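For reference, the chains in residue letters:
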Amino acid sequence: MTHFFQSHGFLVASIWPLPTDAAAHGPALDAQLLLNLWIGLALLALAHILVIVGLAKRRTHTPPRRQALIEFLPLAALAILFAFLATRAEALWETARYTGPSRSALQVEVVGMQFAWYFRYPGPDATFGVAKPELVAPGEGNPVGIDPTDPHSADDFVSSQLVLPAGREVDLRLHSQDVIHGFSVPQMRLKQNAVPGQDIHIHFTPTIPGDYAILCTQLCGLGHYRMTATLRVLPEAAFEVWLTQHSKSGAR
Amino acid sequence: MKHRTLGFAYLALSTAALLAGTTLSLLMRLHLAWPDWPLPLHGPILPEEYLGLVTLHGTLMLFFVLTIAPLWGFGSLILPAQIGSRRMAFPKLNSAAFWLLTASLLIVCASPFVPGGTAISGWTAYPPLSAVASAGPGQGLGMDLWLASIALFSLATCMAAVNMLTTIVCLRCDGMAWHRLPLTVWGWFTASLLSLPSFAVLLAALVLLFCDRHLHTGFFLPATLVVNGIVTHSPADGSPLLWLHLFWFFGHPEVYIAVLPGMGLVSMVLANFARRRVFAYRLMIAVMVLIGGIGILVWGHHMFVAGLSPFAGSAFAISSMAIAVPASAEVLSWIATVWGSRARLTTSMLFALGFVSLFITGGLTGPILAQPILDQYLHNTFFVVAHFHLIMAMAGVFGLYLATYYWFPLIASRTLNERLGKIHFWLTIFFAYSTFLPMHITGLAGEPRHYAQLTGIIGPSGTLLSSTMPLQRHITVSALCLALAQIPFFINLWITLRSPATSASNPWDATTMEWAPNAFSEDPAAPEPTTHVAPCEYSLDGETFHPQWQPVTQPNQPE
């Protein structure tokens, strides 16, 4: 069945308006979602047909003796169906979340604040410098609060756009400075809250170059609706060029 | 006050909240579809005002409509008669609960008029947004009023629950054994049972949040925060996730509290008009209690992407999926009860069937949202809004209409006009679906909740959000029609209440105790009610029935 949904994905998906799917884990997630939606729709139709037919039918005068057959058999079938869906979902969840990113994953820190996202790259030393709340000053070009006295900070740079290479795993470190924000990239089938006081990691692999929406999906204040940003996925080579340019300006 | 008067008083409170809550939702819908539309006498709706509408709408509907009306309103009105009692266990406690709820409603309704306006953090009030006054307009005094209001509400609910539980346990009449209780009573019983631990935990959480706001504690606040450019330190390194745990430990059972009384009533009304027993009656008792029991163990599915351990996500996925099994058992019983019954399609029966339809439609998206990997896409989108508005809000409201049409002869000694009732039903269910089904579609397209505006945003985010605009307008028009579809109901009330009292004492050939001739008698000399049989004792052909109050020797003939 999975195979059917993946190979006929476009046809089957056409009535469900999911946005472009541009992440490595996306097609499996979409297949599970569409499978669920179709099963739900079929059960919806079946239940309504049963109610309508049951109402239209001539009255039966015999007592429904076979309670086991009428109640427990469909119930057992439904329980097996739910167990099947749950098992598949758990397997996908395990793949996505139980283990961390590979050691070669690109590291980016995502910082949420009312009402903007900032993305910090660690630079050539591959290590984030220390950030201090006291140093946070978006107006002075230091929205993340990077401490310049830390040697690791020297090559860190901050971007208002999340730029990633296609085909390479990325390890995002989510952090919030003020309230809970929801980091969501619909086209990457990705969502994870950024919680103040916590660093939360999430990893995924973008596959198709393009510009995608980044939204805040946890009510964070009056500007919640405009706390959006752009994810730009570039081909590997173009990404290297972008990275070099920004590393230089950042290390200036 | 007598419990009957109190029942009316509770319903009046809910009706006021329902009218206000509906108006607020229409303003939200109008603003979403036509963001530049100026509200007459006010001007354009600002983002913080939109979030104020969100907060008040959720608070009014969830607490003051869907908790008070089905549980304390109809519970106080009907429950004592249904168990053959002429009183409730603690009338003063019940009165006190009502006055606390009135104060609670007044406080939350006053909050938009204080400096800064009403709270903007939604009915879930996640900290630090709800804990730090500078995090937004309305998070100062408005938030304090919200806290005070909901704290009073929690206290009142615990009091009313103690009254209801004690009434059910201690005041059942002779012969009203547990297995003879109508499923309505089981619904009220389970909901009251759930409301005790859940509202007690909510009250505790509200007190902790109050301490964080005013007494410099740090239950929900991490060591440092930078809000609005100002660094704040908390003495303890607390966590906002603690609030999410406590809130949803309350919040998830709360949605079952809202819908369980309706589920019980639907079972009884379907059986009444199908003129047969509730299919698998004893199993349904078990199922209701089971739904309540599992309902306490599923709160984590609101937190799949909140920062829990992924293993916790897996565990909560299993408990949440498990609840689909007893819920399916309910639906199967409803289908089997009406199957081949040639049921009388009165307005009450139609609303019961409408409840079943909405429960199925809203319920089937439940298992989808119980899968953490899918929640990673669907969390906080309009898909979720569609889900809970169908299964909780719409099914809950259908339960209230069902109760009103069905019990009106007992409430007002008159029967509501069937013709107007049917017009009301068909318009309501059509526009309910027309409003909430398309929200699944906008949610799948990626529309997040709580967005004050979907237009005027640049970049790919703007493209994604504005792609839903044609459907937004459709939804708004449907929501307006849904509100207008309630006019026949109010006309019906007006016409019926002006007509002379006429109703036969048991117009639906019902079998439960509240329809006994002296069930609502205030005469202390009236004979004490006695229960003789289980509910819904109809003959196989449905021609005759045996009400619960009738001694076993003489079967009653229908009128």
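Residues numbered from 1 in each chain as written. Chains lettered and ligands numbered in written order. Predicted model: local features only at pLDDT ≥ 70, side-chain atom pairs only at ≥ 80, totals over all residues.

What to know about the overall build of chain B
Then, number 1: Per the secondary structure count, chain B includes 18 helices and 6 strands.
Then, number 2: A globule of 559 residues ought to have a C-alpha radius of gyration of about 24 Å, and chain B, at 24 Å, matches this closely.
Then, number 3: Overall size of chain B, expressed as C-alpha extent along the three principal axes, is 80 × 50 × 50 Å.
Then, number 4: In chain B, which comprises 559 residues, the share counted as buried stands at 60%.
Then, number 5: Once local pairs closer than 6 in sequence are excluded, the contacts in chain B between residues at least 24 apart make up 78%. (Helix = DSSP H or I, 4+ residues; strand = E, 2+ residues; numbered from the N terminus. Rg over C-alpha atoms; globule rule 2.2 N^0.38 Å. Buried ≥ 20, exposed ≤ 12 C-beta atoms within 10 Å, placed from the backbone. Contact = placed C-beta atoms within 7 Å.)

Quick word on the sheet that holds strand β1 (residues 106-113) of chain A
Residues and elements named next belong to chain A.
Then, number 1: Taken together, 5 strands build an open sheet; the order of strands is β3-β2-β1-β5-β8 and the sheet is mixed. Looking at which strands have only one partner, the edges of the open sheet turn out to be β3 (157-159) and β8 (200-204). Strand-to-strand twist in this sheet, taken as the mean axis angle between neighbours without regard to direction, amounts to 30 degrees. (Pairing = 2+ DSSP bridges. Axes fitted to C-alpha atoms, helices over the stretch in contact; angles between N-to-C directions.)

Thoughts on the domain arrangement of chain A
Residue and element names in this part refer to chain A.
Then, number 1: Segmenting chain A into domains produces domain 1 (2-98) and domain 2 (106-251).
Then, number 2: The straight-line distance from the C-alpha centre of domain 1 to that of domain 2 is 37 Å.
Then, number 3: Taken together, the 9 residues of domain 1 in the interface contact 13 residues of domain 2.
Then, number 4: Considered class by class, the residues forming the side of domain 1 that touches domain 2 number 5 nonpolar, 3 polar and 1 charged. (Domains from an automatic or database assignment. Nonpolar A, V, L, I, M, F, W, Y, C, P; charged D, E, K, R; others polar.)

Details of helix α2 (residues 47-65) of chain B
Then, number 1: Over its 19 residues, α2(B) runs 26 Å from end to end, which matches the ideal 27 Å to within 8%, given 1.5 Å per residue.
Then, number 2: Taking burial as the measure, the 19 residues of α2(B) include 18 buried ones, the bulk of the element. (Expected span 1.5 Å × (residues − 1).)

Here's the deal with the packing of helix α15 (residues 418-444) of chain B against helix α18 (residues 487-498) of chain B
The description of two packed helices rests on the angle between their axes and on the distance between the axes.
Residue and element names in this part refer to chain B.
Then, number 1: Where α15 contacts α18, the axes come no closer than 8 Å and their chain directions differ by 160 degrees. By the angle between their axes, α15 is roughly antiparallel relative to α18. Like other packed secondary-structure pairs, α15 and α18 cross with a definite hand, here left-handed. Side by side, α15 and α18 meet where L420, G421, I423 and H424 of the first sit next to P488, F489, I491 and N492 of the second.
Then, number 2: The residue inventory of the contact of α15 with α18, partitioned by class, reads 5 nonpolar, 3 polar and no charged. (Parallel < 35°, antiparallel > 145°, perpendicular 65-115°, else oblique. Left-handed = near helix turned anticlockwise from the far one by under 90°.)

As for the interface of chain A and chain B
Then, number 1: With 78 residues of chain A at the interface, the matching set in chain B holds 84 residues.
Then, number 2: For the side of chain A that touches chain B, the secondary structure elements donating two or more residues are α3 (26-56), α4 (67-98), β6 (181-185), β7 (190-194) and β9 (210-216) of chain A.
Then, number 3: Broken down by element, the residue count for the side of chain A that touches chain B peaks at 17 residues, all from α4(A).
Then, number 4: In terms of residue class, the side of chain A that touches chain B is made up of 44 nonpolar, 22 polar and 12 charged.

Quick word on the sheet that holds β6(A)
Then, number 1: Taken in spatial order, the 5 strands line up as β4-β10-β9-β6-β7 (chain A) in an open sheet, and their pairing is mixed. Of all strands in the sheet, those with a lone pairing partner are β4 (162-165) and β7 of chain A, marking the two edges. For this sheet, the mean angle separating the axes of adjacent strands, direction not counted, is 25 degrees.
Then, number 2: Looking at chain direction, β6(A) and β7(A) are connected through 5 bridges and run antiparallel. Opposite A:V185, over in β7(A), you have A:L190 as the bridge partner.
Then, number 3: Docked against the sheet, helix α16 (residues 459-466) of chain B engages β9 and β10 (229-234) of chain A, running at close to 70 degrees with respect to β9(A).

Remarks on the confidence of the model for chain A
Then, number 1: With 90% of its residues at a pLDDT of 70 or more, chain A shows a mean pLDDT of 90.
Then, number 2: When the criterion is pLDDT under 50, residues 1-11 of chain A qualifies, and its contacts beyond four places in sequence or with other chains add up to 10 contacts. (pLDDT = per-residue confidence, 0-100.)

Some points on the nonpolar core
Then, number 1: In this structure, B:V266, B:V269, B:A352, B:F355, B:A395 and B:L402 are the most contacted members of the largest nonpolar core, which totals 253 residues.
Then, number 2: Residue contacts for B:A395: discarding those within four places in its chain leaves B:V259, B:G262, B:F355, B:L358, B:F359, B:G362 and B:L390. (Core = buried A, V, L, I, M, F, W, Y, C linked by C-beta atoms within 7 Å.)

A short note on unusual backbone geometry
Then, number 1: Here the residue pair A:Q114 and A:F115 is connected by a cis peptide bond, since its omega of -5 degrees sits within 30 degrees of zero.
Then, number 2: Structurally, A:F115 can be placed in the loop between β1 and β2 (116-121).
Then, number 3: At the junction of B:P127 and B:P128, the peptide bond is cis and its omega measures out at 0 degrees in the coordinates.
Then, number 4: Within the secondary structure layout, B:P128 lies in the loop between α4 (91-110) and α5 (141-170).
Then, number 5: Although it is not a glycine, B:H216 adopts a positive phi angle of roughly 55 degrees.
Then, number 6: Relative to the elements of secondary structure, B:H216 occurs in the loop between α6 (183-214) and β3 (224-227).
Then, number 7: For B:C536, which is not a glycine, the phi torsion comes out positive at approximately 60 degrees.
Then, number 8: Structurally, B:C536 can be placed in the loop between α18 and β5 (537-538).
Then, number 9: Overall, B:C536 belongs to the buried group, with 26 C-beta atoms counted inside 10 Å.

Some words on the confidence of the model for chain B
All names here are of chain B.
Then, number 1: For chain B, per-residue confidence averages 95 on the pLDDT scale, and residues scoring 70 or more make up 99% of the total.
Then, number 2: Highest mean pLDDT in chain B belongs to helix α11 (residues 347-364) (98); lowest belongs to strand β4 (residues 230-233) (91).
Then, number 3: Two summary scores accompany this predicted model of the complex, namely pTM at 0.95 and ipTM at 0.94.

Focus on helix α10 (residues 324-338) of chain B
Since the α-helix turns once every 3.6 residues, residues separated by three or four places project in the same direction.
All names here are of chain B.
Then, number 1: With 15 residues, α10 should cover 21 Å at 1.5 Å per step; its first-to-last C-alpha distance of 21 Å lies within 8% of that length.
Then, number 2: Within α10, 14 of the 15 residues are buried, leaving the element largely enclosed by the surrounding structure.
Then, number 3: G340 occupies a position one or two residues after α10 and carries a positive phi of about 60 degrees.

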